[in-house]
2 protein chains.
Amino acid sequence: MNQSAIKPAIGFIGLGIMGASMAARLAAAGYPLHVYNRTRAKAEPLIEAGASWHATPKALAEASDVVITIVGTPDDVSALYLGDDGLIANARRDAVLIDMTTSSPQLAEELATHAAARGVHVLDAPVSGGDVGAREGRLSIMVGGAADVLARVEPMLRCLGTNIVLQGGPGAGQHTKLCNQIVIASTMLGVCEGLAYARSAGLDAQTVLSAIGGGAAGGFQLNNMGPRIAKGDFAPGFFIEHFIKDMRIAHEEAAHMGCELPGLDLVRSLYQELAEQGFTRNGTQALFKLYEC
Amino acid sequence: MNQSAIKPAIGFIGLGIMGASMAARLAAAGYPLHVYNRTRAKAEPLIEAGASWHATPKALAEASDVVITIVGTPDDVSALYLGDDGLIANARRDAVLIDMTTSSPQLAEELATHAAARGVHVLDAPVSGGDVGAREGRLSIMVGGAADVLARVEPMLRCLGTNIVLQGGPGAGQHTKLCNQIVIASTMLGVCEGLAYARSAGLDAQTVLSAIGGGAAGGFQLNNMGPRIAKGDFAPGFFIEHFIKDMRIAHEEAAHMGCELPGLDLVRSLYQELAEQGFTRNGTQALFKLYEC
């Protein structure tokens, strides 16, 4: 029997913008796909393409060798994984559960401990790269857990991402993703303040970007979000409400570790203000709207 | 007579790390070079290579078709350009004076007005790209002033930089440079906080950088300063004391325009704290030292 014919069955939970693209890539690579989602309608395209629908996470876990989850919040993750009807209690023996949600490192450690007691493996493996990265299989995947477990699932993760790095034990993937979000938070602050100053000084934002984008101020945020801000395009690449969630987790973890991050705190408070003004479903670059100058 | 044989005489004032490399490039390109510097010793290598030394800015101005200055602070610029012994009062008729110091936009406007009254032209043309960019002639040059004046000096500026962009009238070059510094300020804050969090979480900084450097957090500061921070290398690329000067100018200009920039204010206060601890001659990445977590 050909090795390529015995691909493990993958259960996929969380068919949002990211998850739907990721699940479709796994199906296209030939993995038997099992799906569950809170809103069934989002699973229909995958079901039509051959995926098996399950009415509960429990049923999905029973049918899968590997389960991938990418959902909203740590509470959603906790509800999926823990309890009698959860993934850990109902996973096949030696199954690998991979949580790709940006979630809490402490929760990731907790899940790993629960899973180990049942002979099940958990990896925390949040991603960056956005909807485009998910569609094109070019995500960065930051992994926490055991190296041998990662080795087992690496072929399928390679359908999703090009940069897969084991960062340490359980929770280390989540910690790394939070580092990423912490860097982005103040970087976006700098981009918005630089462009607010430019507008205030009567400069043309695009002309400024053409001068500074290739230098020491340059980077993904300035070079991708700067031109959108210059055009007044505040459509979501990444929703403000999701960014606020990530910054809240980062803040809580940092506080737990006794780590003061005044930049993160400032940016969080500014986005909170923006959310109160009703901009939760705008893209993160809408931080610029707070600058009246 | 061959056009290339009648290159204009260039006066150069300010032979620091940046200026010395820039002046040497102009001399190498065949421009007759006249030099003045507060500390004469720094001019010796250029004098040995054929540059003419002048004991005062006045004497230098009288001998030059174009004068380039790149000195320390707006006060230094003001002292050089204004007054009976200054560059404007003593420049040749129709001369072009180019201030490449990072300085005050308001001062740049003031110099342009004074110069116009004497039939002399001034451009503000601060740069970014650091010592390496200066050595290799790959600076970004942000120009404020008249397009026809820029056109006259563009051939010599092309010896210094690859990205020369006219941003608007007098002061617009300085405003653009301040935008650059404002973006860098909070970006550096994000880089330091992300890596402080990483250390606190027990992650390996280099491994974190390998995961996040190519994504939405990536950019010049993370990818160049991040590895230095990870190695504990706080040697100066750009001195903290110079960055504080730039942020002070940016803050004053922003305040003057009624533009509130809380990120800039926070970063300034943190660098001030660092300066009070004695780190003025470290590189800007030493902001990381403030994070004890």
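Within each chain, residues carry numbers counting from 1 in the order of the written sequence. Chains carry letters and ligands carry numbers; both start at the beginning, A for chains and 1 for ligands, and go up in the order they are written. Only residues with pLDDT of at least 70 get local features here, since the model is predicted, and only at 80 or more are side-chain atom pairs given and counted; chain-wide, interface and lining totals rely on the full set of residues. The basis for the side-chain values is all heavy atoms of the structure; hydrogens and waters are excluded.

This paragraph deals with the interface of chain A and chain B. Bring the parts together and some accessible area is lost; that lost area is often taken as the interface size. Counting residues at the interface gives 57 residues for chain A and 57 residues for chain B. Each of two parts loses accessible area, computed with a 1.4 Å probe, when they are put together; buried area is these two losses added. At the boundary of chain A with chain B, total buried surface from both sides reaches about 4400 Å², with 68% on carbon and sulfur atoms. For the chain A face of the interface with chain B, the top three residues by lost area are Val-183, Tyr-197 and Ala-216 of chain A, together amounting to 16%. In what follows, salt bridge is the name for a side-chain nitrogen of Lys or Arg lying within 4 Å of a carboxyl oxygen of Asp or Glu. In this structure, the connection of chain A to chain B is made through zero salt bridges. Those elements giving two or more residues to the side of chain A that touches chain B turn out to be strand S8 (139–144), strand S9 (161–168), helix H9 (172–200), helix H10 (205–212), helix H11 (220–231), helix H12 (240–256) and helix H13 (262–276) of chain A. Per-element tally for the side of chain A that touches chain B: the top contributor is H9 of chain A, with 20 residues. The contact definition used throughout considers only heavy atoms, calling two residues in contact when any of these lie within 4.5 Å. Under the DSSP-based scheme used, a helix requires at least four consecutive residues in state H or I and a strand at least two consecutive residues in state E, with every element numbered from the N terminus.

Despite not being glycine, Asp-94 of chain A shows a phi value in the positive range, around 75°. The classification of residues rests on relative accessible area computed with a 1.4 Å probe and restricted to protein chains. Under 20% of the type maximum is buried, over 50% is exposed, and intermediate values are partly exposed. Among the residues examined, Asp-94 of chain A registers a relative accessible area of 39% and is labelled partly exposed.

Turning our eyes to something else, we now look at the UniProt feature "active site" (unreviewed entry) in chain A. Residues and elements named next belong to chain A. In this structure's numbering, the residues bearing the UniProt feature "active site" (unreviewed entry) are Lys-177. Following the sequence through the fold, Lys-177 ends up in helix H9. A polar side-chain atom of Lys-177 sits 2.8 Å from the main-chain carbonyl oxygen of Val-127. UniProt positions are given in the numbering used here, feature names are shortened, and annotations may be inferred rather than shown by experiment. Within 3.5 Å is the distance limit for a polar contact, defined as a pair of N or O atoms, with the added protein rule that one can donate a hydrogen and the other accept it, and that residues adjacent in sequence qualify only through two side-chain atoms.

This part is about the UniProt feature "domain: 3-hydroxyisobutyrate dehydrogenase-like NAD-binding" (unreviewed entry) in chain A. As annotated in UniProt, the feature "domain: 3-hydroxyisobutyrate dehydrogenase-like NAD-binding" (unreviewed entry) corresponds to residues 171–291 of chain A in the numbering used here. Measuring from the first to the last C-alpha atom of residues 171–291 of chain A gives 36 Å, for a span that is 67% helix and 0% strand.

All names here are of chain B. Along the chain, Gly-278 turns up in the segment after helix H13 (262–276). On the basis of relative accessible area, Gly-278 is assigned to the exposed category, the value being 53%. Sequence-wise, Gly-278 and Gly-130 are 148 residues apart; in three dimensions their C-alpha atoms are separated by 23 Å.

On to the pattern of salt bridges. A complete count under the given rule lists 20 salt bridges over all chains for this structure. The shortest N-O distance in the salt bridge between Arg-158 of chain B and Glu-154 of chain B comes to 2.7 Å.

Residue and element names in this part refer to chain A. Two cysteine sulfurs form a disulfide in these notes if their separation is within 2.5 Å. Within this structure, the stated rule accounts for zero disulfides over all chains. In this structure Cys-179 is a free cysteine whose sulfur lies 9.3 Å from that of Cys-259, the closest cysteine sulfur available. With relative accessibility at 1%, the residue Cys-179 sits in the buried group.

So, about the nonpolar core. What we call a nonpolar core is a set of buried Ala, Val, Leu, Ile, Met, Phe, Trp, Tyr and Cys residues that are connected through their side-chain atoms within 4.5 Å. Within the largest apolar cluster, 99 residues are counted, with the highest numbers of intra-cluster contacts made by Tyr-271 and Leu-287 of chain A together with Tyr-271 and Leu-287 of chain B. Contact partners of Leu-287 of chain A, with chain neighbours within four places excluded, come to Met-188, Leu-189, Cys-192, Leu-270, Tyr-271 and Leu-274 of chain A. Counting 34 residues, the second-largest nonpolar core is a separate cluster that includes Ala-125, Ile-141, Val-149 and Cys-159 of chain B.

Residues and elements named next belong to chain A. By domain assignment, chain A separates into domain 1 (10–169) and domain 2 (176–291). Using only C-alpha atoms to locate each centre, domain 1 and domain 2 end up separated by 29 Å. Counting from both sides, the interface comprises 13 residues of domain 1 and, opposite them, nine residues of domain 2. Carbon and sulfur atoms supply 61% of the area buried between domain 1 and domain 2, which totals about 990 Å² over both sides. On the domain 1 side of the interface with domain 2, the three residues burying the most area are Thr-102, Gln-106 and Met-142, jointly 45% of the side's total. The tally of links from domain 1 across to domain 2 stands at zero salt bridges. On the surface where domain 1 and domain 2 come into contact, there are five residue pairs in polar contact (both at pLDDT 80 or more). Per the annotation, domain bounds derive from an automatic or database assignment of domains.

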